[in-house]
Amino acid sequence: MEVTKGIHLLEETKGSFVYVVLGDEPVLVDTGMAGKGEQIIAALQRIGIGPTDLAHIVLTHHDVDHIGNARQLQAWSRATVWAPEAEIPYIHGAARERGIRQVLKALMRVDRSVDVRAYEAGGRVGGLEVIPAPGHTPGHVCLRAGDTLLAGDLVTTRRGALRPSPGFLTWDKAALRRSLQEVGRLTFDWVCPAHGLPVRRGNLWETLL
Ligand SMILES: [Zn+2]
């Protein structure tokens, strides 16, 4: 589904949506839950993206439902995989998880042998702005492509309403709050979360603060 010009949601990844941003350097945003690699590849090919076209894979954070197919998609495309520096030890399984994430890590097996580069501060990847938005996890980022915010798990949507990411999965609630405020100061029209369908911003962001 094309959300807005050049930004596609891959419907096959319902549960933890993956997006593609077309342009000179097509970018995949997150990689969904493990086991969806073939479906993601088929969906990319349907919108005209072959293995040599995909330039970058950007990860918003390290949760298993976002990094699930990173290794497979990297092997397929040889794209550069980017992640927040603070998330990389978690992606590789080297850092110890807390609380519910310990359980999720044990239950949801992921190939963690992905070669990851850290975003540079204030950097851009394939035309997307990297926006630090810690709280859900220590290094969580959002990405902005034109007037579209690829929100990762900063927010979720349900029946057209915006919500902060759920408290039981929040690493630091105060940090999440600050991130909601700071991201809210930016200009964007569309909000594309991993969990829930995209919504137009309108004045919905105010309901989060
Ligand atoms: Zn998630």
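This is a predicted model, so every value here is computed, not measured.

Parameters and conventions
- Residues numbered from 1 in each chain as written.
- Predicted model: local features only at pLDDT ≥ 70, side-chain atom pairs only at ≥ 80, totals over all residues.
- Pairing = 2+ DSSP bridges.
- Helix = DSSP H or I, 4+ residues; strand = E, 2+ residues; numbered from the N terminus.
- Core = buried A, V, L, I, M, F, W, Y, C linked by C-beta atoms within 7 Å.
- Buried ≥ 20, exposed ≤ 12 C-beta atoms within 10 Å, placed from the backbone.
- Contact = placed C-beta atoms within 7 Å.
- Expected span 1.5 Å × (residues − 1).
- Arc of directions from axis to C-beta.

A. Spatial organisation of the pairing of strand β2 (residues 7–10). Two elements, strand β1 (residues 2–4) and β2, share two bridges in a ladder whose sense is antiparallel. Along β2, the bridge assignment pairs Glu2 with His8. Counting the residues that bridge the hairpin from β1 to β2 gives two residues, and of these Gly6 lies at a positive phi of roughly 80°.

B. Layout of the nonpolar core. Residues Tyr19, Val29, Val58, Val81, Cys142, Leu143 and Leu150 are the most contacted members of the largest nonpolar core, which totals 50 residues. Setting aside its immediate chain neighbours within four residues, Tyr19 contacts Ile7, His8, Leu9, Val29, Leu150 and Cys192.

C. How the structure looks around the sheet that holds strand β11 (residues 148–152). Overall, mixed pairing links the six strands, which are arranged β8-β9-β10-β11-β14-β15 in an open sheet. Strands at the two margins of the open sheet, each flanked by one partner only, are β8 (124–125) and β15 (199–200). Here four bridges tie β11 to strand β14 (residues 190–193), and the two strands are oriented parallel to one another. Bridging across to β14, Leu150 finds its partner in Cys192.

D. Broad picture of helix α6 (residues 173–184). Compared with an ideal rise of 1.5 Å per residue, which puts twelve residues at 16 Å, α6 spans 16 Å between its outermost C-alpha atoms and is within 8% of the ideal. Where α6 is concerned, the buried positions are Leu176, Ser179 and Val183. In an axial view of α6, the angular spread of the buried residues amounts to 60°, which keeps them on one side of the axis. Counted as exposed and oriented over 90 degrees from the buried face of α6: Ala174, Gln181 and Glu182. Buried residues in α6 make contact with β9 (128–132), β10 (141–145) and β13 (161–164).

E. Spatial organisation of the environment of Gly68. Within the secondary structure layout, Gly68 lies in the loop between α2 (64–67) and α3 (70–77). Given 26 C-beta atoms within 10 Å, Gly68 falls into the buried group. A sequence separation of 44 residues divides Gly68 from Arg112, and the C-alpha atoms of the two residues are 8.4 Å apart. Discounting chain neighbours no more than four positions away, the residues touching Gly68 are Thr31, Gly32, Met33, Ala34, Lys36 and Val110.

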